[in-house]
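So you can see what is in the structure, the chains are spelled out below.
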Amino acid sequence: MTNRVEPLNFSDEAHWTAVAASYERWAEPLTAGFARAALSLAGGIGHGERVLDVAAGTGALSLAAAEAGARVLATDISRGMAARLSERLQPFAGSEARVMDGQALEVEDATFDASCSVFGVMMFPDWRRGMAELVRATRPGGRVIVATWSSPEGAGPGPLFLQAYRRTFPEAPIHPPPQGMTVLCSLEGLKAEMIGAGCGEVAVHAVDGAWGGSSVDRVMADLDEILRLMHLYAALDGDGRARLRGPLRAVIDSFAEPGGAVRVPVTANIAIGRKPG
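Residues numbered from 1 in each chain as written. Predicted model: local features only at pLDDT ≥ 70, side-chain atom pairs only at ≥ 80, totals over all residues. Heavy atoms only, no water.

So, the overall build of the protein
Phase 1: If you tally the helices and strands in the protein, you get 11 helices and seven strands.
Phase 2: Relative to its length of 277 residues, the protein is compact, with a C-alpha radius of gyration of 19 Å against a globular reference of 19 Å.
Phase 3: Counting every position in the protein, which comprises 277 residues, the buried fraction comes to 49%.
Phase 4: When contacts within the protein are restricted to residue pairs at least 6 apart in sequence, long-range pairs at least 24 apart make up 74% of them.
Phase 5: With an accessible surface of roughly 12,500 Å², the protein has 52% of that area assigned to carbon and sulfur atoms.
Phase 6: The distance from the centre of the 26 positive side-chain charges to the centre of the 32 negative ones in the protein is 2 Å. (Helix = DSSP H or I, 4+ residues; strand = E, 2+ residues; numbered from the N terminus. Rg over C-alpha atoms; globule rule 2.2 N^0.38 Å. Buried < 20%, exposed > 50% of the residue type's maximum accessible area, 1.4 Å probe, protein only. Contact = heavy atoms within 4.5 Å. Areas by Shrake-Rupley, 256 points an atom, 1.4 Å probe, with all protein chains shown as cover. Lys, Arg positive; Asp, Glu negative; His and termini not counted. Charge placed at Lys NZ, Arg CZ, Asp CG, Glu CD.)

A few points about unusual backbone geometry
Phase 1: Positive phi values are uncommon outside glycine, yet Ala-55 reaches one of about 55 degrees.
Phase 2: Locating Ala-55 in the fold gives a position in the loop between strand S1 (50–54) and helix H3 (60–67).
Phase 3: Owing to a relative accessible area of 21%, Ala-55 belongs among the partly exposed residues under this scheme.
Phase 4: Although it is not a glycine, Ala-110 sits at a positive phi angle of roughly 50 degrees.
Phase 5: Examined against the element boundaries, Ala-110 turns out to sit in the loop between strand S3 (96–99) and strand S4 (112–118).
Phase 6: Judged by its relative accessible area of 35%, Ala-110 falls in the partly exposed class.

Some points on the nonpolar core
Here is a general trend for soluble globular proteins: nonpolar side chains tend to be buried in one another's company.
Phase 1: Membership of the largest hydrophobic core comes to 85 residues, with the highest contact counts inside it found for Val-51, Trp-149, Met-194, Trp-211 and Ile-252.
Phase 2: The element contributing the most residues to this core is strand S7 (residues 262–274), with seven residues.
Phase 3: In this view, Trp-211 contacts Trp-26, Leu-30, Gly-156, Pro-157, Leu-160, Val-219, Leu-223, Val-262, Arg-263, Val-264 and Val-266; residues no more than four positions away in its chain are not counted. (Core = buried A, V, L, I, M, F, W, Y, C linked by side-chain atoms within 4.5 Å.)

Notes on the packing of helix H5 (residues 127–137) against helix H8 (residues 187–196)
Phase 1: Running from amino to carboxyl end, H5 crosses H8 at an angle of 60 degrees, the nearest separation of the two axes being 9 Å. The angle between H5 and H8 falls in the class oblique. Crossing of H5 over H8 shows right-handed handedness. Of the residues in H8, those touching H5 at Trp-127, Arg-128 and Met-131 are Leu-190, Glu-193 and Met-194. (Axes fitted to C-alpha atoms, helices over the stretch in contact; angles between N-to-C directions. Parallel < 35°, antiparallel > 145°, perpendicular 65-115°, else oblique. Left-handed = near helix turned anticlockwise from the far one by under 90°.)

So, the packing of aromatic side chains
Phase 1: Applying the stated criterion to the full structure yields six aromatic pairs.
Phase 2: Measuring from centroid to centroid gives 5.8 Å for Phe-34 and Phe-119, while their planes differ by 85 degrees, and the two rings are edge-to-face. Remark: Phe-119 occurs in the loop between S4 and H5 and Phe-34 occurs in helix H2 (residues 28–41); sequence separation between them is 85 residues. As far as burial versus exposure is concerned, Phe-34 and Phe-119 are alike and both buried.
Phase 3: Pairwise contacts between aromatic rings join Phe-161, Tyr-165, Phe-169 and Tyr-233 into one cluster. (Phe/Tyr/Trp six-rings, centres within 6.5 Å; stacked < 30°, edge-to-face > 60°.)

Here we look at the side chain of Thr-75
Phase 1: By secondary structure assignment, the location of Thr-75 is in strand S2 (residues 71–76).
Phase 2: Take Thr-75: its relative accessible area is 1%, and that puts it in the buried class.

Given below as structure tokens:
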């Protein structure tokens, strides 16, 4: 194992396009369920409403809103994600995707009927500014929707990897999760921060779901690609990854059902607030 952490190359569009395709395949089935739940908890989206989706990824919430007849502006800092989402939004008139920093949105004040961030703003270095930007972009009386994981280590592959990593390299240091994930992983913390960002009438819900795949082998094949985005995994040389593989497979196998499919329970916090009129 090497101690050198390889930085991620956010300017490599080919890399991020490949990541977008993989993310769409293994993660979106999970995030899409929570996105639909968030829109339902917010009272649904009306035809012609303007919706802002910040850190949209490949567009789980954007597509659900567009299918309901909304005019969606989907933003993501990754060009690969935005490019894929632009393709997927083409059938929906009035909807588009743009590369944009969620901490400094290039949108006018009070523009959107609903401003949303599903598992995005929690990752921002300045996550409080990101939440304030959501509120700024929303019209008075409009809704602000934020979803976070209920664990500071995230959900799905992240916690499984960390569990296996600790078993394999018990002496190796592990950096704490982003502060936003730590603060916003509790219902009380998320509600308090939504209010602090300028929302009123905030309601926060714990919503259950599951992540996994058709088999342990399928999940392992996906993880090798996805985990390359994590600094701890990127810092491992070939020997380190080989040592990790057995413990990681054992963790995943513990969630395998009798039919062979892998099902990992996860919980999300979904907050719905209104911008005061």
